[in-house]
Amino acid sequence: TKIVTFTGTNDASAETLTLTGGMTLTGPTGELNVIGDNTTAMVVTGTVTAGADGAVLDIDASTSITAVNMTAALGDLTLQVATGKTMTTTIDVNDNTLTISESGTVTTVQMDTAAGVLNVNESSTITAVNGSQNFTINVAAGKTLTTTATIAANTLTLTGTGAVSRVDATTGTITDNGGTTVSD
(Lines give C-alpha, C1' and ligand atoms only; values in the text may rest on other atoms or scores of the structure.)
Protein backbone atom coordinates (compact mmCIF):
# COMPACT_ATOMS: atom_id res chain seq x y z
CA THR A 1 0.00 0.00 0.00
CA LYS A 2 1.28 3.45 -0.93
CA ILE A 3 -0.36 6.08 1.24
CA VAL A 4 0.92 9.64 1.65
CA THR A 5 -0.51 11.52 4.62
CA PHE A 6 -0.17 15.31 4.92
CA THR A 7 -1.04 16.45 8.45
CA GLY A 8 -1.36 20.06 9.60
CA THR A 9 -0.20 21.47 12.92
CA ASN A 10 -1.59 24.11 15.24
CA ASP A 11 0.41 26.81 13.43
CA ALA A 12 -1.71 29.88 12.62
CA SER A 13 -0.58 29.97 8.98
CA ALA A 14 -1.66 27.72 6.12
CA GLU A 15 0.15 24.41 5.82
CA THR A 16 1.72 23.81 2.38
CA LEU A 17 2.83 20.62 0.67
CA THR A 18 4.78 21.29 -2.54
CA LEU A 19 4.69 18.52 -5.13
CA THR A 20 7.58 19.39 -7.44
CA GLY A 21 6.77 17.61 -10.70
CA GLY A 22 3.39 16.52 -9.34
CA MET A 23 2.27 13.33 -7.65
CA THR A 24 0.83 10.22 -9.30
CA LEU A 25 -1.49 7.96 -7.33
CA THR A 26 -1.33 4.40 -8.65
CA GLY A 27 -4.41 2.56 -7.48
CA PRO A 28 -5.81 0.54 -5.95
CA THR A 29 -3.10 1.20 -3.37
CA GLY A 30 -2.35 4.84 -4.16
CA GLU A 31 -3.84 7.27 -1.69
CA LEU A 32 -3.28 10.87 -0.59
CA ASN A 33 -4.73 11.81 2.81
CA VAL A 34 -4.92 15.47 3.84
CA ILE A 35 -5.58 15.85 7.56
CA GLY A 36 -5.73 19.28 9.18
CA ASP A 37 -6.18 20.65 12.66
CA ASN A 38 -9.47 22.42 11.74
CA THR A 39 -7.88 25.86 12.26
CA THR A 40 -5.69 26.34 9.18
CA ALA A 41 -6.15 25.85 5.46
CA MET A 42 -4.16 23.10 3.80
CA VAL A 43 -2.48 23.88 0.45
CA VAL A 44 -1.13 21.31 -1.99
CA THR A 45 0.95 23.03 -4.66
CA GLY A 46 1.24 20.84 -7.73
CA THR A 47 -0.91 18.45 -9.73
CA VAL A 48 -2.20 15.22 -8.25
CA THR A 49 -2.73 12.58 -10.96
CA ALA A 50 -4.81 9.42 -10.68
CA GLY A 51 -2.58 7.20 -12.80
CA ALA A 52 -4.39 3.89 -12.30
CA ASP A 53 -7.90 2.80 -11.39
CA GLY A 54 -8.66 2.64 -7.68
CA ALA A 55 -6.72 5.66 -6.45
CA VAL A 56 -8.15 7.53 -3.43
CA LEU A 57 -7.99 11.20 -2.50
CA ASP A 58 -9.09 11.58 1.15
CA ILE A 59 -9.59 15.21 2.24
CA ASP A 60 -10.32 15.68 5.95
CA ALA A 61 -9.47 19.42 6.09
CA SER A 62 -10.42 22.32 3.85
CA THR A 63 -7.76 22.11 1.15
CA SER A 64 -6.63 23.87 -2.01
CA ILE A 65 -4.96 21.67 -4.65
CA THR A 66 -3.51 23.17 -7.82
CA ALA A 67 -5.21 20.54 -10.03
CA VAL A 68 -6.37 16.92 -10.04
CA ASN A 69 -5.99 15.03 -13.31
CA MET A 70 -7.41 11.58 -13.99
CA THR A 71 -5.25 9.89 -16.67
CA ALA A 72 -7.40 9.04 -19.70
CA ALA A 73 -8.68 5.43 -19.62
CA LEU A 74 -6.54 4.64 -16.55
CA GLY A 75 -7.46 6.89 -13.67
CA ASP A 76 -10.73 6.07 -11.90
CA LEU A 77 -10.65 7.95 -8.59
CA THR A 78 -12.58 7.84 -5.32
CA LEU A 79 -12.86 11.27 -3.72
CA GLN A 80 -13.61 11.57 0.00
CA VAL A 81 -14.13 15.17 1.16
CA ALA A 82 -15.27 15.23 4.79
CA THR A 83 -18.57 16.81 5.82
CA GLY A 84 -18.21 20.57 6.28
CA LYS A 85 -14.88 20.69 4.39
CA THR A 86 -14.13 22.20 0.96
CA MET A 87 -11.64 21.06 -1.65
CA THR A 88 -10.76 23.99 -3.93
CA THR A 89 -9.51 22.63 -7.24
CA THR A 90 -10.49 21.56 -10.73
CA ILE A 91 -10.77 17.81 -11.24
CA ASP A 92 -10.34 16.75 -14.88
CA VAL A 93 -12.21 13.44 -15.16
CA ASN A 94 -11.41 12.62 -18.80
CA ASP A 95 -13.08 9.31 -19.81
CA ASN A 96 -12.86 7.88 -16.29
CA THR A 97 -15.18 7.48 -13.32
CA LEU A 98 -15.00 9.91 -10.39
CA THR A 99 -16.78 8.54 -7.32
CA ILE A 100 -17.82 10.95 -4.56
CA SER A 101 -18.07 8.96 -1.33
CA GLU A 102 -18.29 11.64 1.40
CA SER A 103 -20.48 14.72 1.77
CA GLY A 104 -18.05 17.65 1.54
CA THR A 105 -17.75 20.31 -1.18
CA VAL A 106 -15.63 20.38 -4.35
CA THR A 107 -15.33 23.55 -6.42
CA THR A 108 -15.08 22.30 -10.03
CA VAL A 109 -15.37 19.02 -11.93
CA GLN A 110 -14.47 19.15 -15.61
CA MET A 111 -16.10 16.53 -17.89
CA ASP A 112 -14.16 17.23 -21.09
CA THR A 113 -13.80 13.78 -22.65
CA ALA A 114 -16.72 11.69 -23.91
CA ALA A 115 -17.76 8.82 -21.62
CA GLY A 116 -16.73 10.45 -18.33
CA VAL A 117 -18.85 9.35 -15.35
CA LEU A 118 -19.57 11.12 -12.06
CA ASN A 119 -20.85 8.69 -9.39
CA VAL A 120 -22.35 10.35 -6.31
CA ASN A 121 -22.71 7.93 -3.39
CA GLU A 122 -23.28 10.57 -0.68
CA SER A 123 -25.19 13.86 -0.76
CA SER A 124 -22.54 16.44 -1.63
CA THR A 125 -21.88 19.76 -3.33
CA ILE A 126 -19.88 20.42 -6.47
CA THR A 127 -20.00 24.13 -7.20
CA ALA A 128 -19.71 23.59 -10.98
CA VAL A 129 -19.80 20.52 -13.22
CA ASN A 130 -18.64 21.66 -16.65
CA GLY A 131 -19.42 19.30 -19.51
CA SER A 132 -17.78 19.96 -22.87
CA GLN A 133 -18.47 16.39 -24.06
CA ASN A 134 -21.22 13.82 -23.45
CA PHE A 135 -21.07 12.47 -19.89
CA THR A 136 -23.02 10.62 -17.19
CA ILE A 137 -24.06 11.54 -13.66
CA ASN A 138 -25.16 8.65 -11.43
CA VAL A 139 -26.69 9.74 -8.10
CA ALA A 140 -27.44 7.00 -5.57
CA ALA A 141 -30.96 6.53 -4.20
CA GLY A 142 -31.86 9.03 -1.49
CA LYS A 143 -28.79 11.22 -2.21
CA THR A 144 -28.59 14.72 -3.72
CA LEU A 145 -25.88 16.34 -5.81
CA THR A 146 -26.09 20.10 -5.22
CA THR A 147 -24.50 21.70 -8.27
CA THR A 148 -24.95 23.62 -11.46
CA ALA A 149 -24.15 21.17 -14.23
CA THR A 150 -23.52 22.91 -17.55
CA ILE A 151 -23.74 20.65 -20.59
CA ALA A 152 -23.55 23.13 -23.50
CA ALA A 153 -24.69 21.36 -26.69
CA ASN A 154 -23.84 17.90 -25.35
CA THR A 155 -25.80 15.01 -23.83
CA LEU A 156 -25.99 14.42 -20.10
CA THR A 157 -27.15 10.92 -19.20
CA LEU A 158 -28.65 10.64 -15.72
CA THR A 159 -28.68 7.25 -14.03
CA GLY A 160 -29.55 6.27 -10.49
CA THR A 161 -32.60 7.45 -8.58
CA GLY A 162 -31.13 10.32 -6.56
CA ALA A 163 -31.43 14.05 -7.28
CA VAL A 164 -29.42 16.76 -9.05
CA SER A 165 -30.15 20.34 -8.01
CA ARG A 166 -29.60 22.16 -11.32
CA VAL A 167 -28.72 21.38 -14.93
CA ASP A 168 -28.14 24.16 -17.47
CA ALA A 169 -29.25 22.43 -20.66
CA THR A 170 -30.31 25.38 -22.79
CA THR A 171 -28.82 23.81 -25.94
CA GLY A 172 -28.01 20.28 -24.74
CA THR A 173 -29.95 17.09 -24.15
CA ILE A 174 -30.75 15.28 -20.90
CA THR A 175 -31.38 11.54 -21.04
CA ASP A 176 -32.80 10.01 -17.86
CA ASN A 177 -32.21 6.28 -17.58
CA GLY A 178 -32.85 5.82 -13.88
CA GLY A 179 -35.47 8.20 -12.52
CA THR A 180 -33.10 10.94 -11.32
CA THR A 181 -34.88 14.08 -10.12
CA VAL A 182 -33.62 17.44 -11.44
CA SER A 183 -34.99 20.30 -9.34
CA ASP A 184 -34.06 23.20 -11.69
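Peer 1: Talk me through unusual backbone geometry; I want residue IDs and the actual numbers.
Peer 2: Of note, the phi angle at Asn 94 is positive, near 60°, even though the residue is not glycine. Note that Asn 94 resides in the loop between β9 (86-92) and β10 (97-100). Even without a glycine there, the phi angle at Ala 115 is positive, about 85°. Mapped onto the fold, Ala 115 is located in the loop between β11 (105-111) and β12 (116-120).

Peer 1: Give a detailed account of the nonpolar core, specifying residues and quantitative values.
Peer 2: Counting residues in each nonpolar core, the largest one holds 42 residues, and the members touching the most others are Leu 57, Leu 79, Met 87, Ile 91, Leu 98, Leu 118 and Ile 137. Considering each element in turn, this core owes the most residues, four residues, to strand β5 (residues 42-52). Setting aside its immediate chain neighbours within four residues, Leu 79 contacts Leu 57, Ile 59, Met 87, Ile 91, Leu 98, Thr 99, Ile 100, Ser 101, Glu 102 and Val 106.

Peer 1: Lay out the pairing of β12 with the relevant residues and their values.
Peer 2: Counted residue by residue, β12 has five buried out of five residues, so it is predominantly covered. Alternating positions in β12 separate into two faces, Gly 116, Leu 118 and Val 120 on one and Val 117 and Asn 119 on the other, with burial throughout. Both β10 and β12 contribute to a ladder of four bridges, which runs parallel. Each residue of the ladder has a partner; that of Leu 98, found in β12, is Leu 118. The pairing of β12 with strand β14 (residues 135-139) spans five bridges and is parallel. Within β14, the position partnered with Asn 119 by the bridge is Asn 138.

Here is what the cut-offs are and how they apply
- Residues numbered from 1 in each chain as written.
- Predicted model: local features only at pLDDT ≥ 70, side-chain atom pairs only at ≥ 80, totals over all residues.
- Heavy atoms only, no water.
- Helix = DSSP H or I, 4+ residues; strand = E, 2+ residues; numbered from the N terminus.
- Core = buried A, V, L, I, M, F, W, Y, C linked by side-chain atoms within 4.5 Å.
- Buried < 20%, exposed > 50% of the residue type's maximum accessible area, 1.4 Å probe, protein only.
- Contact = heavy atoms within 4.5 Å.
- Pairing = 2+ DSSP bridges.

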